[in-house]
Amino acid sequence: MNTLASAITEAVEAVRAQFTGHPVEVVPDGTGGVFVTVEDVSVGPSYAPAVTWLGFQISAAYPDADVYPHYVGPLSRTDGQSHGPAVQSTGWRGQPALQISRRSNRRDAIVDSAALKAERIRRWLADQ
Amino acid sequence: MARRPVNPPAEGWSLTIPHRLWTELSAHLFPSGGGAVLLAGHAEGARGPRLLAYDLITATNDTDYIPGEYGHRALAPSFVRDAAVRARDESAAYLAVHAHGGLDRVRFSSVDTASHERGYPALRQITGQTVGGLVLTPHAAAGDLWLADGSRTPLAETVIPGGNLLRLRPCPATATPAGPDHDRQARLLGDVGQETLNRLRVAVVGLGGVGSILVEELARLGVGTLVLIDDDTIEATNLPRLVAAGKDDIGLLKTDLAARNAQRANPRIRLIPKATRVEHPEALKELALCDWIFLAADSASARHWVNATVQQFLIPAVQVGVKIPVDSAGYVGQIHTATRIMLPGDGCLWCNRLIDSTQLAIDMHPKAERDAARYVPGVPAPSVITLNTLAAAEALNHFVLAATGLHDDDHDHAAVIHRPRTRQRDLQDPRQDANCRWCTPAGRLGRGDSGSVVQTATL
């Protein structure tokens, strides 16, 4: 049995609600937090593919800890340009990924919750 | 005022009262007398169960604290009811507090005891929690606990972690003469002071340049039990800053080196090495059983988890750090060492913006992904043994004087900042956010085993 702080189970439920209709995989990270992967997330026509997965860790230190960084499946820009700042190729949990490094300055645990930040990251990426 | 007796840690049930609550309670009780209720969380301790006071409800004289039917004064039934409802709803122990005259000794009167026997069985049934009475003088405390399991027990000691780490008992402890090894030291600390050190359980989190010095000196001081926490191994570049380390030690766990040094310094010492990161449940469990924590690791995660333990389990700590800013062009900025006293119920590391939430998120990543998660790759920070020694000495002197009641001012817990380049030594008082979720009654303060460090739910 995996046990988690109630703040994390609540955060996971909020992510599921934020991304209703999307499969959400939740895997314990081994230290009291979880790895979350939201499937079939739209990142818009600037990328190929236009739909991918969005992954992040909600650590045992949440909500004191930020959710950072975020990861998506490998993407190419449809305009042929390279990715801009804060986006770099890496690996996440044994698979190739793009890392999106967007820290929350003056973080507010409510505004910058795991669910709301995940959606903001998706939109930010789509707008690049 | 006469010097307070120094009492070594006692076996049995204890109550810990955060410094700010104690200050408020003292002002309410002394010298004119008054009544109050403390609400307290629970935790296991190294010497017995602990009650952790997190909130104080003071009774207004003549409204809530009224002439008694049997004794001089008593808490009004409506006041008792409201406090008991809070205790029930918050799963907290209920402790009614009053003061007696005198200084170094205190005990319940026969009227007090009769009152307990009339009232506490019913109050325990109503709350479903431990209930009891606490009687205080400025230098002594006695408690009568009616436990949730139906039994009854006296309170062995009341602990107040402030500028001094006060331990109040019903009457002063008698001293066991210090052994010849510590004779010179005991001439300052006293036999009871030396015995206090021997009975303390102290943790050192981070066994690098600062932690290595801390362990050496704590062992030589005669601290009885050391909990040693670090998951790192020794590298060649560490050798100039680790006490008694040699080339053969490269690759050795830092906990093993620290244990070897401590054992050499004091063969009777009890050691609990944990070669894990501090957020590992085993390390957190050991940390929560300590009397004092030295935080000598500079990661955001170490700061967060030690801060959480300090506030949730009411354990004083000192954070020790050295900052040597050198930019890529070699320009050396203002070097400083910081020794921050972390008191439960007082401005915590979050309130003082000393933990970065993004850095904390990175630190919590699995080791294999941690470096990649940094957008800007980290570079090793400068580190010099003499600066580490300066910071460690400040922290150790604070500890030894606090543990033996030798600080002039119980209220002084300012951080000490040394700036060696300008030879300045400054004090900084911590600030506190009114609704901090760690160091205020609105948060995890004193919630012990029911707080979020160990609170879990099923996935």
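Note: the structure precedes this text.
Quick caveat, the model's predicted, so the values are computed rather than measured.

### Observations regarding helix α4 (residues 183-199) of chain B
Residues and elements named next belong to chain B.
Step number 1: If you check α4, its first and last C-alpha atoms are just 17 Å apart, much less than what 17 residues at 1.5 Å a residue would give, namely 24 Å.
Step number 2: Approximately 105° is the largest bend angle found in α4, and it occurs at G190.
Step number 3: Considered for burial, the residues of α4 that qualify are A186, L189, V192, G193, Q194, E195, T196 and L197.
Step number 4: Buried positions along α4 lie against α5 (209-221) and α11 (385-403).

### Here we look at the environment of S110 of chain B
Residue and element names in this part refer to chain B.
Step number 1: Its place among the elements puts S110 in helix α3 (residues 110-127).
Step number 2: Take S110: its relative accessible area is 63%, and that puts it in the exposed class.
Step number 3: Between the alpha carbons of S110 and R431 there is a distance of 44 Å; along the sequence they are 321 residues apart.

### With respect to the interface of chain A and chain B
Interface size is commonly expressed as the accessible area that is lost once the parts come together.
Step number 1: The interface is formed by 33 residues belonging to chain A together with 24 residues belonging to chain B.
Step number 2: Contact between chain A and chain B buries roughly 2300 Å² in total, counting both sides, with carbon and sulfur atoms accounting for 55%.
Step number 3: Among the residues of chain A in contact with chain B, Q57, D64 and Y68 of chain A are the three that bury the most area, contributing 24% of the side total.
Step number 4: Linking chain A with chain B are 2 salt bridges.
Step number 5: The salt bridge partner of R437 of chain B is D64 of chain A, with a shortest N-O separation of 2.8 Å.

Conventions and cut-offs
Residues numbered from 1 in each chain as written. Chains lettered and ligands numbered in written order. Predicted model: local features only at pLDDT ≥ 70, side-chain atom pairs only at ≥ 80, totals over all residues. Heavy atoms only, no water. Helix = DSSP H or I, 4+ residues; strand = E, 2+ residues; numbered from the N terminus. Expected span 1.5 Å × (residues − 1). Bend = angle between axes of the 7 residues up to and from the residue. Buried < 20%, exposed > 50% of the residue type's maximum accessible area, 1.4 Å probe, protein only. Contact = heavy atoms within 4.5 Å. Buried area = accessible area lost by both parts, 1.4 Å probe. Salt bridge = Lys/Arg side-chain N within 4 Å of Asp/Glu carboxyl O.

Honestly, it's all geometry; don't read function into it.
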